[in-house]
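Below, each chain spelled out in residue letters.
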Amino acid sequence: MGSYYVMKEMPDLNGTGERVLYPQFAQIEQITTHQLAESIRGKSTYSEGEIEGLIRMIAQEMVHELAQGHSVKLDGIGTFTPSLALQPGKEREEPDGEHRNARSILVGNVNFRAEKRLVQEVNLHCRPVRAPWKARRSSQRYTEEERLALALHYLEEQPYLSVADYQRLTGLLRTAATEELRRWAKQPDTGIEAAGRGSHRVYVRRKEML
């Protein structure tokens, strides 16, 4: 069975400012550890329980190594690398200022880079078929100025605004919501700035605007 794809409108990756169409998988079904173990069992002499147990052991060993600041390479799969971030709402450390309390620093994300061989093999088995439906589009209910006003009003009552919060407020899809918040955080006159990094990134009122 082939996988479905849609053509989704996104900003040009070359930075031209134009919006162009890119192919994107239409539906991503998540395969569980149990399903993987069940599939592997039919191709090996191991039981499902043994396979699941081994996967969990690998995960626990990865936690230990990543927590030590090590990257972990799984041959044929890819490399996992931890990255640090500040707790949401914490101020950045100045080059010549006081040292940051270590308790305000956390692992913001674990980045994964797939091996080229894995990508090549996935590509050999992938047979995408264009979906009979169109990609979802962000709501056009509000103008950009109205969306900014909604965000600022929200931050008058709440300590921070997440991308998911902004999606609910405006009707934008996740990619569009993320891009707009990032752009506003880079513009001092919007009154919004970013706090935290990676999966812990949120948006707060700019301090000089309080």
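Conventions used here
- Residues numbered from 1 in each chain as written.
- Predicted model: local features only at pLDDT ≥ 70, side-chain atom pairs only at ≥ 80, totals over all residues.
- Heavy atoms only, no water.
- Helix = DSSP H or I, 4+ residues; strand = E, 2+ residues; numbered from the N terminus.
- Expected span 1.5 Å × (residues − 1).
- Buried < 20%, exposed > 50% of the residue type's maximum accessible area, 1.4 Å probe, protein only.
- Arc of directions from axis to C-beta.
- Contact = heavy atoms within 4.5 Å.
- Salt bridge = Lys/Arg side-chain N within 4 Å of Asp/Glu carboxyl O.
- Pairing = 2+ DSSP bridges.
- Core = buried A, V, L, I, M, F, W, Y, C linked by side-chain atoms within 4.5 Å.
- Phe/Tyr/Trp six-rings, centres within 6.5 Å; stacked < 30°, edge-to-face > 60°.

Caption draft 1: Seen up close, helix α2 (residues 48-67). In a regular helix each residue adds 1.5 Å, so 20 residues correspond to 28 Å; α2 covers 29 Å between its end C-alpha atoms and thus fits that length. Regarding α2, the residues found buried are E48, I51, E52, M62 and L66. Along the axis of α2, the buried residues cluster in a sector spanning 100°; they form a single face. Facing away from the buried side of α2, by more than 90 degrees, are the exposed residues G49, L54, M57, Q60, E61 and A67. Those residues of α2 that are buried are in contact with α1 (33-41), β3 (72-74), β4 (78-86) and β5 (105-114).

Caption draft 2: The arrangement of the pattern of salt bridges in detail. One pass over the structure, following the stated rule, counts nine salt bridges. Here R183 makes a salt bridge to E144, at a shortest N to O gap of 3.1 Å. With R183 in helix α6 (residues 174-185) and E144 in helix α4 (residues 144-157), this pair connects stretches of sequence that are 39 residues apart. Where E193 meets R206, a salt bridge forms, and the shortest distance between an N and an O atom there is 3.8 Å. One end of the pair, E193, is in strand β7 (residues 192-195); the other, R206, is in the segment after β8 (202-205), and 13 residues separate them in sequence. Of the two residues examined, E193 and R206, each falls in the buried class.

Caption draft 3: Spotlight on the pairing of strand β1 (residues 4-11). Sheet analysis places β1 next to strand β6 (residues 129-130), joined by two bridges and oriented parallel. In the strand pairing of β6, Y4 is matched with V129. One ladder, built from seven bridges, connects β1 with strand β2 (residues 19-25); its direction is antiparallel. By the bridge assignment, M7 is partnered in β2 with P23.

Caption draft 4: A look at the nonpolar core. Grouped together as the largest cluster of nonpolar side chains are 14 residues, with contacts concentrated most on A151, L161, Y166, L181, W184, I192 and Y203. Elements that contribute at least two residues to this core include exactly α4, α5 (163-170) and α6. Residues in contact with I192, not counting those within four places in the same chain, are L148, A151, L152, L155, W184, A185, Y203, V204 and R206.

Caption draft 5: Spotlight on the packing of aromatic side chains. Taken as a whole and judged by the stated rule, the model has two aromatic pairs. Plain terms: the ring middles of F80 and F112 are 4.8 Å apart, the flat faces sit at 40° to each other, and that makes the pair tilted. Taken together, the positions of F80 in strand β4 and F112 in strand β5 put the pair 32 residues apart, joining distant regions of the chain. Judged by its relative accessible area of 42%, F112 falls in the partly exposed class. Measuring from centroid to centroid gives 5.8 Å for Y166 and W184, while their planes differ by 75°, and the two rings are edge-to-face. Placement of the pair is Y166 in helix α5 and W184 in helix α6, with a sequence separation of 18 residues. We classify W184 as buried; its relative accessible area is 2%.

Fair warning: the whole summary comes from geometry, so function is off the table for now.
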